[in-house]
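# Architecture and fold: a report
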Protein chains: 2
Amino acid sequence: MKKIQGGITAAKGFEAAAVAAGIKYENRLDLALIYSEKPCKIAGTFTTNIIKAAPVKWDQAIVEGKKKCQAVVVNAGIANACTGEEGMQCCVETAQTVANALNLEREEILIGSTGVIGMPMPMEKLKKGIEILAKKKAKGYEAGKEAARAIMTTDTCEKEIAVTFEIDGQVITIGGMAKGSGMIHPNMCTMLSFITTDACISKKALQQALHMDVEETYNMISVDGDTSTNDTVLLLANGMAGNKKIKYGTKEWELFCDALHEVNLTLAKRIAEDGEGATALLEVIVEGASSKEQARKLAKSVICSNLTKTAIAGHDANWGRILCAMGYAGVEFFPERTHLSIKSKEGELCLVEGGVAVSYSEEKATKILSEPEVTVLIHIGEGEETATAWGCDLTHGYIDINADYRS
Amino acid sequence: MKKIQGGITAAKGFEAAAVAAGIKYENRLDLALIYSEKPCKIAGTFTTNIIKAAPVKWDQAIVEGKKKCQAVVVNAGIANACTGEEGMQCCVETAQTVANALNLEREEILIGSTGVIGMPMPMEKLKKGIEILAKKKAKGYEAGKEAARAIMTTDTCEKEIAVTFEIDGQVITIGGMAKGSGMIHPNMCTMLSFITTDACISKKALQQALHMDVEETYNMISVDGDTSTNDTVLLLANGMAGNKKIKYGTKEWELFCDALHEVNLTLAKRIAEDGEGATALLEVIVEGASSKEQARKLAKSVICSNLTKTAIAGHDANWGRILCAMGYAGVEFFPERTHLSIKSKEGELCLVEGGVAVSYSEEKATKILSEPEVTVLIHIGEGEETATAWGCDLTHGYIDINADYRS
């Protein structure tokens with residue numbers, strides 16, 4: 001597997017476009033199109049929030065059906081959530097407009113929305129934007145990057161990745177883009193993430209690969225503990241790489257899963273490190289667990305703890321807050337067997353052995369915690385299972401963004 | 001029932017004292033004693049955190065035993081949590097020192113600690129402080145108030161309450177003090193809260209009254225979602241009111257429960273409104289639920305949402321974040337039946353009917369949300385059950401306190 005430049009237009013046959021449609025923001029890209037020359041098999045995972053945005057319901061119906069799909073349209077600024085019947089009608093019109101412009105069926109169009117909950121969508125602006133996108137769509141790096149930029153809200157940078165790998169000498173590409181910065185606490189799903197691949201692969205193999213991997217990637221990040229109404233991951237495969245069809249459970253499927261994992265992991269970590277107001281990416285690794293579930297719950301409890309997050313913001317080796325967060329994770333473990341170290345580019349330092357403090361240099365601890373990427377390594381001395389979760393620090397920036405931004 | 005001035009020294013036979021023992025803070029009260037002339041029946045609830053502070057384990061053993069108790073010693077500054085065998089030994093020595101000074105048995109002494117996790121307790125300072133407390137203990141309002149001040153950490157004010165009620169013409173008093181500001185997300189228990197009463201009451205009636213009421217009071221508040229290692233509520237009854245013994249399930253017991261509820265509710269709300277950095281008390285009432293459990297989970301999910309809390313800080317009527325938080329609460333409900341209003345001294349305003357926005361004045365909404373006490377009233381249109389939860393806004397102050405304070 002090899003990382004290459006690019007995102008959703010990296011795989012064969014995929015095009016993209018972006019436009020400033022003025023949906024909520026002024027003078028910035030806010031509407032994106034992903035288009036595939038050939039119909040795609042699709043897999044998707046969606047928010048578990050009871051309140052599901054209209055586009056989530058629209059996409060779910062299409063992904064659960066047998067339909068293939070050829071285009072995705074995504075807007076930033078308005079979430080089209082809590083908008084009732086009108087919101088669903090808006091999805092129908094949006095899909096119809098894209099279908100007309102690209103000569104497709106309405107049910108071949110997927111929709112993504114992110115932004116303020118409860119506001120109505122300005123349909124005329126949206127329709128005008130779609131007309132422009134349909135003419136503007138293009139192959140290549142720049143088009144993909146513009147699309148990645150158009151789906152941002154409080155994000156400070158685009159989030160893209162592309163990788164290639166080979167099956168029987170045939171090069172297959174997987175590329176993706178994502179957005180997410182606040183209201184980030186994916187549960188069985190994620191914020192908006194769009195992955196394209198030219199792999200020829202069965203629907204079951206595609207869906208299983210996505211479902212499994214989401215548990216280890218998007219579902220292991222949190223910015224603020226708030227699970228969004230719009231979380232969506234869509235994976236589109238158009239089969240243009242020319243490989244023999246990948247089937248579920250084969251060696252080739254495992255290669256595909258590995259490459260997909262790299263794409264998902266990169267996008268998930270980029271969302272965590274671009275958390276609203278964040279100055280540091282916090283990685284928490286739990287080792288020595290007796291089950292995967294136990295390891296995951298402990299790691300996630302630590303990255304979600306406001307007190308741990310503020311300690312990281314203050315570069316303070318406040319390990320007591322980390323153990324405290326493990327203690328209320330809802331799973332059993334033995335505090336007296338717990339070891340804890342911190343590490344970053346500045347080195348590694350053990351703080352806790354057998355549940356109590358060792359003698360360590362506060363100065364060195366502060367130095368390690370002042371880096372933009374910090375890892376907390378926890379060993380609970382029970383078994384062989386591990387899990388990793390990613391979050392960020394909690395700073396004044398988060399308050400600034402959210403005491404004002406109507407999201 | 002009637003509110004009176006005072007706290008833990010309001011009930012007959014209770015004395016208190018406070019001293020600046022220099023345990024961690026300089027030149028401020030940090031060690032408190034509660035003493036009863038006569039042995040007390042005791043009830044207690046404790047943190048569900050797997051990591052339990054040494055004093056929590058000490059108290060649990062005493063409360064679960066048949067022992068009566070006559071004194072409680074509480075320090076602020078050091079939590080005596082994650083301190084291993086040494087921490088338990090420290091409890092033994094502390095209790096023994098109090099017992100010697102007051103001519104009691106070691107097992108008649110309860111202990112409370114709050115502050116930094118992982119630091120060792122300076123035993124010599126603690127012992128000197130206890131000697132002073134034993135001589136200084138006194139009846140009356142001032143002694144109780146000083147004790148309430150001595151147990152504070154990041155709290156900005158003492159939290160006290162006392163009420164009286166009558167059974168067969170006999171006046172019974174219940175008084176209490178509490179501390180709590182950060183690491184507040186009680187689960188089946190609370191932060192430090194100490195309640196004294198002169199009621200004559202059976203052990204079962206006492207414990208049942210406390211257990212039931214904790215679910216509706218301390219367990220319904222959250223400041224930051226972090227369940228502490230030290231959460232403790234202790235209820236001491238010395239029987240000096242001279243009433244006929246109150247038995248579980250009787251009419252008299254219900255009177256006692258009502259008065260206890262007033263004490264617990266007041267202390268719990270005062271903790272929420274004094275949340276670290278808070279400028280507003282946020283009350284969330286869920287009505288029309290089909291079960292108590294559903295109502296509680298929805299209300300707690302809203303008060304715990306960082307995005308809702310920052311919106312309140314910004315006086316922003318961002319109801320989408322509230323519905324979003326209900327959506328990930330982990331219980332089913334019908335968004336399309338949900339009504340939502342906000343209210344404060346400035347009036348009441350409906351924002352959502354049937355899950356979608358109504359037309360309302362943003363100006364009036366901002367005015368309502370600019371008050372120091374704000375209520376969100378939610379009706380989910382299913383049944384008759386209700387629940388109320390209390391929290392606070394999330395401000396720059398929380399970041400300031402926790403990026404530095406080693407707790």
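My aim in this report is to walk through the structure given alongside it, one point at a time. (Residues numbered from 1 in each chain as written. Chains lettered and ligands numbered in written order. Predicted model: local features only at pLDDT ≥ 70, side-chain atom pairs only at ≥ 80, totals over all residues. Heavy atoms only, no water.)

## Comments concerning the relation of the copies chain A and chain B
To keep things clear, this is the line we draw: Here the copies were fitted onto each other by least squares, based on C-alpha atoms from residues at pLDDT of at least 70 in both. Contact criterion: two residues are considered in contact whenever any of their non-hydrogen atoms come within 4.5 Å of each other.
Each copy of the sequence occupies a distinct position, and chain A is placed on chain B by a rotation of 180 degrees and an axial shift of 0.0 Å, giving an RMSD of 0.0 Å. A rotation of that kind, with that shift, is consistent with a two-fold axis. Using C-alpha coordinates, one finds that chain A approaches the rotation axis most closely at A:His396, a distance of 2.8 Å. The residues that chain A uses at the interface reappear at the interface of chain B in 100% of cases, marking a shared surface.

## Thoughts on the pattern of salt bridges
Residue and element names in this part refer to chain A. Short version of the rule: The rule for a salt bridge is simple: a side-chain nitrogen of Lys or Arg has to be within 4 Å of a carboxyl oxygen of Asp or Glu. Only DSSP runs of H or I reaching four residues or more are called helices, and only runs of E reaching two or more are called strands; each is numbered from the N terminus. Residue burial is assigned from relative accessible area. The probe radius is 1.4 Å, only protein chains are included, and a residue is buried under 20% of its type maximum, exposed over 50%, and partly exposed in between.
Within this structure, the stated rule accounts for 38 salt bridges over all chains. Glu158 is paired through a salt bridge with Lys145; the nearest N and O atoms lie 3.2 Å apart. Linking Glu158 in the loop between helix 4 (141-150) and strand 6 (159-167) with Lys145 in helix 4, this pair joins segments that are 13 residues apart in sequence. The class for Glu158 is buried, based on a relative accessible area of 17%.

## Focus: the interface of chain A and chain B
Keep this limit in mind: Here the buried area means the combined drop in accessible surface, using a 1.4 Å probe, for two parts upon being joined, counting both sides. Here a polar contact is recorded for every N or O atom pair within 3.5 Å, except that within protein the pair must consist of a potential hydrogen donor and a potential acceptor, and residues adjacent in sequence are included only if both atoms are side-chain atoms.
On the side of chain B, 54 residues touch chain A, which itself brings 54 residues to the contact. Surface buried jointly by chain A and chain B totals about 4,200 Å² across both partners, of which 58% is contributed by carbon and sulfur atoms. At the junction of chain A with chain B, the criterion picks out zero salt bridges. Linking chain A with chain B are 10 residue pairs in polar contact (both at pLDDT 80 or more). Elements represented by at least two residues in the side of chain A that touches chain B include exactly helix 8 (306-313), helix 9 (319-327), strand 13 (356-357) and helix 11 (396-402) of chain A. When residues of the side of chain A that touches chain B are assigned to their parent elements, the largest contribution, six residues, is made by helix 9 of chain A.

## Things to note about the sheet that holds strand 15 (residues 385-392) of chain B
All names here are of chain B. What counts is decided by this rule: Any two strands between which DSSP finds at least two bridges are classified as paired.
One open sheet holds the six strands; their spatial order is 13-12-11-14-10-15, and the pairing between them is mixed. If you trace the sheet from one side to the other, it starts and ends with strand 13 (356-357) and strand 15, each paired once. In this structure, strand 10 (residues 281-289) lies alongside strand 14 (residues 373-379), joined through seven bridges in parallel fashion. For Leu281, the partnering residue across the bridge sits in strand 14 and is Glu373.

## Quick word on the sheet that holds strand 10 (residues 281-289) of chain A
All names here are of chain A. Pairing is mixed in the open sheet, where six strands are placed in the order 13-12-11-14-10-15. Edge positions in the sheet fall to strand 13 and strand 15 (385-392), since each has one partner strand and no second. In this structure, strand 11 (residues 339-344) lies alongside strand 14 (residues 373-379), joined through five bridges in antiparallel fashion. Directly across from Ile342, in strand 14, lies its bridge partner Val376.

## Examining the packing of aromatic side chains
Each aromatic ring pair is characterised by the separation of its centres together with the angle its planes make. Condition: A pair of Phe, Tyr and Trp rings is counted when the ring centres sit within 6.5 Å of each other, with Trp represented by its six-membered ring. The angle between the planes then sorts it: under 30 degrees is stacked, over 60 is edge-to-face, the rest tilted. Lysine and arginine charges are scored as sitting over a ring when NZ or CZ, respectively, is within 6 Å of the ring centre and within 35 degrees of the ring normal.
A full pass over the atoms with the stated rule returns four aromatic pairs over all chains. Measuring from centroid to centroid gives 6.3 Å for A:Phe165 and A:Phe256, while their planes differ by 65 degrees, and the two rings are edge-to-face. Remark: A:Phe256 occurs in helix 6 (residues 251-273) and A:Phe165 occurs in strand 6; sequence separation between them is 91 residues. According to the relative accessible area criterion, A:Phe165 is buried, its value standing at 6%. Between B:Arg28 and the ring centre of B:Tyr25, over which it is positioned, the NZ or CZ distance is 4.1 Å.

## Overview of the nonpolar core
To be explicit about the condition: Only buried residues count toward a nonpolar core, which is a set of Ala, Val, Leu, Ile, Met, Phe, Trp, Tyr and Cys residues joined through side-chain atoms within 4.5 Å.
A:Phe194, A:Phe256, A:Ile378, B:Phe194, B:Phe256 and B:Ile378 are the most contacted members of the largest nonpolar core, which has 287 residues in total. Aside from chain neighbours lying at most four places away, what touches A:Ile378 is A:Val284, A:Ile285, A:Val286, A:Glu287, A:Val302, A:Ile322, A:Met326, A:Thr338, A:His339 and A:Leu340.

## Quick look at the packing of helix 7 (residues 292-304) of chain A against helix 9 of chain A
Residues and elements named next belong to chain A. Worth spelling out the cut-off: Note on method: axes are straight lines fitted to C-alpha atoms, helices fitted across the in-contact stretch only, with angles between N-to-C directions ranging 0 to 180 degrees. Throughout this description, any angle smaller than 35 degrees is read as roughly parallel, any larger than 145 degrees as roughly antiparallel, any in the 65 to 115 degree range as roughly perpendicular, and the remainder as oblique. Should the near helix be turned counterclockwise from the far one by less than a right angle, the crossing is left-handed, whereas a clockwise turn marks it as right-handed.
Close contact between helix 7 and helix 9 brings their axes to 8 Å; oriented N to C, the two are set at 130 degrees. Considering their axes alone, helix 7 and helix 9 lie oblique with respect to each other. Considering the relative orientation of helix 7 and helix 9, their crossing is right-handed. Contact with helix 7, carried on its side by Leu298, Ser301 and Val302, involves Ile322, Ala325 and Met326 of helix 9 and no other residues of that element.

## Observations concerning the layout of surface pockets
Inclusion rule: Buried and open spaces are told apart on a 1 Å grid over the protein atoms alone, a cavity being a set of points where a 1.4 Å probe fits but cannot get out and a pocket being an open set with protein on both sides within 12 Å along at least five of seven lines. Residues with an atom within 4 Å of a point are the lining residues. Grid points are joined across faces, edges and corners, and a volume is the space filled by probe spheres set on the points. In the scheme used here, Gly and all other residues not listed as nonpolar or charged are polar, with Ala, Val, Leu, Ile, Met, Phe, Trp, Tyr, Cys and Pro taken as nonpolar and Asp, Glu, Lys and Arg as charged.
The space that makes up the second largest pocket amounts to roughly 330 Å³. A:Lys52, A:Lys57, A:Gly84, B:Pro335 and B:Glu336 are, among the 19 residues lining the second largest pocket, the residues nearest its centre. Broken down by secondary-structure element, the contributors of at least two residues to the lining of the second largest pocket are helix 1 (54-64) and helix 2 (84-102) of chain A. Tallying contributions element by element places helix 2 of chain A first for the lining of the second largest pocket, with three residues. Of the residues that constitute the lining of the second largest pocket, the class distribution is 10 nonpolar, five polar and four charged.

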